[in-house]
Amino acid sequence: MAINSPKGIWWNEPLSKAEVVWIAIAFLWGLVMFFTMIYWHFGGQQNLSNEAYKIRPELFSERTEAMVEKYTVREENGIPVVHPPAGSEVYLIARQFEWWPILELENGKQYRFHIGSTDVQHGFSLQPVNINLQIHPGYEMVLTAEPNKTGEFPIICNEYCGLGHHLMVGRVNVVEPQ
Ligand code: CUA
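So, how was this worked out
Residues numbered from 1 in each chain as written. Predicted model: local features only at pLDDT ≥ 70, side-chain atom pairs only at ≥ 80, totals over all residues. Heavy atoms only, no water. Patch = residues over 30% accessible without salt bridge, like charges linked within 9 Å, V, L, I, M, F, W, Y side chains within 5 Å. Areas by Shrake-Rupley, 256 points an atom, 1.4 Å probe, with all protein chains shown as cover. Salt bridge = Lys/Arg side-chain N within 4 Å of Asp/Glu carboxyl O. Helix = DSSP H or I, 4+ residues; strand = E, 2+ residues; numbered from the N terminus. Domains from an automatic or database assignment. Pairing = 2+ DSSP bridges. Axes fitted to C-alpha atoms, helices over the stretch in contact; angles between N-to-C directions. Contact = heavy atoms within 4.5 Å. Core = buried A, V, L, I, M, F, W, Y, C linked by side-chain atoms within 4.5 Å. Buried < 20%, exposed > 50% of the residue type's maximum accessible area, 1.4 Å probe, protein only. Phe/Tyr/Trp six-rings, centres within 6.5 Å; stacked < 30°, edge-to-face > 60°. Expected span 1.5 Å × (residues − 1). Arc of directions from axis to C-beta.

*Asks:* What am I meant to see in a nonpolar patch on the surface here?
*Replies:* Together, Phe-27, Leu-28, Leu-31, Phe-34, Phe-35, Met-37, Ile-38 and Phe-42 make up an exposed nonpolar region whose accessible area comes to about 900 Å². Among the secondary structure elements, Leu-31 is positioned in helix α1 (residues 17–43).

*Asks:* Would you explain the domain arrangement of the protein chain in this entry?
*Replies:* As a measure of interface size, the accessible area lost when the parts come together is often cited. As assigned here, the protein chain comprises domain 1 (15–43) and domain 2 (50–175). Relative to domain 2, the C-alpha centre of domain 1 lies at a distance of 41 Å.

*Asks:* Could you clarify how one ought to interpret the sheet that holds strand β7 (residues 111–117) in this entry?
*Replies:* Hydrogen bonds between backbone groups are what pair the strands of a sheet, and the pairing can be parallel or antiparallel. Here we have five strands laid out as an open sheet, ordered β1-β10-β7-β4-β5, and mixed in their pairing. Strand pairing shows two members of the sheet lacking a second neighbour, β1 (51–54) and β5 (98–100), which therefore form its edges. The sheet shows a mean angle of 25° between the axes of neighbouring strands, taken without regard to direction. When strand β4 (residues 89–95) meets β7, the two strands line up parallel, connected through six bridges. Looking at the pairing, Val-90 lines up with Phe-113 of β7. Where helix α2 (residues 57–71) meets the sheet, it contacts β4, β5, β7 and β10 (139–145), and its direction lies at approximately 125° from that of β4.

*Asks:* Any chance you could explain the nonpolar core here in plain terms?
*Replies:* For soluble globular proteins, the rule of thumb is that nonpolar side chains tend to be buried together. Judged by nonpolar contacts, the single largest core of 30 residues is most densely connected at Trp-99, Phe-124 and Ile-135. It is β4 that contributes the most residues to this core, five residues altogether.

*Asks:* For this particular structure, what's the right way to read the packing of aromatic side chains?
*Replies:* One pair of aromatic rings is described through two measures. These are the centre distance and the angle between the planes. Using the criterion set out here, one finds five aromatic pairs in the structure. Look at Phe-34 and Phe-35: their rings are 5.2 Å apart centre to centre, the planes differ by 85°, and that puts the pair in the edge-to-face class. Judged by relative accessible area, Phe-34 falls into the partly exposed class, the value being 42%. Given the relative accessible area of 51%, Phe-35 is considered exposed. Ring centres of Trp-99 and Phe-124 lie 5.6 Å apart, and the angle between their planes is 85°; this geometry places the pair in the edge-to-face category. Of this pair, Trp-99 sits in strand β5 while Phe-124 is found in strand β8 (residues 122–126), placing the two residues 25 residues apart along the sequence.

*Asks:* Help me out: how do you make sense of α2 in this one?
*Replies:* Two residues of an α-helix separated by three or four positions point the same way, owing to the 3.6 residues in each turn. With 15 residues, α2 extends 21 Å between its outermost C-alpha atoms, agreeing within 8% with the 21 Å of an ideal straight helix rising 1.5 Å per residue. Restricting attention to buried positions, one finds in α2 the residues Phe-60, Ser-61, Thr-64, Met-67 and Val-68. Along the axis of α2, the buried residues cluster in a sector spanning 130°; they form a single face. Away from its buried face by more than 90 degrees, α2 exposes Glu-62, Glu-69 and Lys-70.

Pasting the structure below:
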């Protein structure tokens with residue numbers, strides 16, 4: 001027995017009033033935090049209300065390629081820059097180690113975005129607005145959104161996906177409607 005062990009049935013004493021009060025405070029605070037978490041999903045305007053669907057990676061590639069074939073306006077360093085019509089379905093592939101293609105979107109127009117991986121898990125992170133999504137192979141993340149600012153917005157990968165992870169940088173261009 002250790003020298004400093006308390007004597008007797010020390011754990012079976014009645015609770016003191018102070019303990020009861022602290023337990024009650026901790027419990028109530030836990031409830032406050034729990035409901036704040038739920039409220040914040042709607043009130044905080046930080047979480048995306050995205051949808052996720054199962055899709056074969058080959059089919060996702062096919063749909064992206066069809067969009068790229070139809071709406072490519074130019075190339076930059078071998079990557080097509082695609083200007084799909086406002087209001088349309090737009091596709092973005094995450095793969096080792098690029099975001100493909102470069103999307104050119106019109107300011108103030110709504111699009112339906114499909115983001116999917118054709119190999120491993122990636123992390124979509126749109127800068128500097130800091131919109132984040134986990135991208136899993138076999139699923140597409142779908143969200144409806146409307147760009148509200150013109151400019152060039154980098155996409156980085158924030159999920160380690162292999163040796164070229166740090167090179168996986170893409171871009172979205174937002175331009176004035178033409
Ligand atoms: Cu893709 Cu890290």
